[in-house]
Amino acid sequence: MDRTSHTLPQRVTAVLHAKQYIVFFAIGLYTLDFAVALGSAWLYRHEPLAELLYNRGPLADAVAARRAVIAAVFIVYLLVGTWLRAGYIRSLVGPFCLRPAGRRQFLRLLAFALALEIVGALAAGAFEVAGDHPLPVNAVFLGLLALNLVVLYADYIIVIADVGPLRAVALSWRTVRAAPIPSALVLLSVTILGYYAARFLHQNVTGGLARSMPLMIVQCTIMGGVMFVADVVLVVLYLDAAETGRLTPKPRSAGDGRML
């Protein structure tokens, strides 16, 4: 086994120990996502709580409802969420902070976050069109999963490497190619755990919001912790790939039959 295979788990463990208090930041971010999606679904559909848990996201709700209040909720959520996400990533690699490093970093991360929200809304629409037909549903799911794999490291890279969204996506794909197995394992683990957590919550929610609140708090706490561990692993994988030069394209040699 090479040196990297020995040091990566140790480095992840060290970061988890040093930054363990950031787990509360991750729980807060997950709770924000959960609460906004639930709130926008209620503003749009006014259905029982158990049905609102199957939400499409605030942007999809805003487009479908064509209501200014839901659009305003989405805009505020996007701005606040992006601001805090930048501070969260900075806190993982440096001192604790709640804000981006500057306006340029914020706008870059905002553009990337908006692009992801648009893709999510389009995917939600595609799932509705597909209905109960397994083939198109699986096709949309696999396409979304593949896209998430490509951009897996992009938001970390925007903040850590101080680059734009397109450059970050390119570097994200290089990082995935440099560490394909751990990258895929992290993505699949988070996806599967998130699915079963949402399914468990839907099956066990009974009554109104007050009665279901403890169960939702437990889910946000657990999934926030899961996201914190996943974020630490992915940040360490990216930093290791960058520090070992695996993200730099190899120069073409004169004997490969192509022009230099």
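Worth saying up front: this structure is predicted, and the values here are computed from it rather than measured.

Section: the pattern of salt bridges
Phase 1: For the structure shown, the criterion picks out 6 salt bridges.
Phase 2: Close ionic contact of Arg 85 with Asp 231 constitutes a salt bridge, the shortest N to O distance being 3.6 Å. Separated by 146 residues along the polypeptide, Arg 85 in helix H5 (residues 68-93) and Asp 231 in helix H11 (residues 209-243) bring together distant segments of the chain.

Some thoughts on helix H9 (residues 165-178)
Phase 1: End to end, H9 covers 20 Å across 14 residues, agreeing with the expected 20 Å (1.5 Å per residue, within 8%).
Phase 2: Buried within H9 we find Ala 168, Leu 171, Ser 172, Thr 175 and Val 176. Projected down its long axis, H9 carries its buried residues within an arc of 145°, all on one side. Relative to its buried face, H9 has exposed residues pointing more than 90 degrees away, namely Leu 166 and Arg 177.
Phase 3: Against the buried residues of H9 lie helix H7 (134-150), helix H8 (154-160), helix H10 (180-204) and H11.

Some points on the nonpolar core
Phase 1: By size, the foremost hydrophobic cluster in this structure holds 42 residues, and its most contacted members are Tyr 88, Leu 92, Tyr 153, Ile 157, Phe 228, Leu 234 and Leu 237.
Phase 2: Looking at this core, the elements with two or more residues in it are helix H1 (3-18), helix H2 (23-45), H5, helix H6 (103-130), H8, H9, H10 and H11.
Phase 3: The dominant element in this core, judged by the number of residues it contributes, is H11, at 11 residues.
Phase 4: Apart from the residues lying within four places of it in its own chain, the contact partners of Leu 92 are Val 15, Lys 19, Ile 22, Phe 228, Asp 231, Val 232 and Val 235.

Concerning H2
Phase 1: Compared with an ideal rise of 1.5 Å per residue, which puts 23 residues at 33 Å, H2 spans 33 Å between its outermost C-alpha atoms and is within 8% of the ideal.
Phase 2: His 46 sits one or two positions beyond H2 and adopts a positive phi of about 55°.

Focus: the confidence of the model for the protein chain
Phase 1: Here the protein chain averages 87 in pLDDT, and 93% of its residues register 70 or above.
Phase 2: No element of the protein chain has a lower mean pLDDT than helix H3 (residues 49-52), which averages 72, and none a higher one than H8, which averages 96.
Phase 3: Under a pLDDT of 50 for its full length, residues 254-260 has, in the predicted model, 5 contacts with residues more than four places off or in other chains.

Conventions used here
Residues numbered from 1 in each chain as written. Predicted model: local features only at pLDDT ≥ 70, side-chain atom pairs only at ≥ 80, totals over all residues. Heavy atoms only, no water. Salt bridge = Lys/Arg side-chain N within 4 Å of Asp/Glu carboxyl O. Helix = DSSP H or I, 4+ residues; strand = E, 2+ residues; numbered from the N terminus. Expected span 1.5 Å × (residues − 1). Buried < 20%, exposed > 50% of the residue type's maximum accessible area, 1.4 Å probe, protein only. Arc of directions from axis to C-beta. Contact = heavy atoms within 4.5 Å. Core = buried A, V, L, I, M, F, W, Y, C linked by side-chain atoms within 4.5 Å. pLDDT = per-residue confidence, 0-100.

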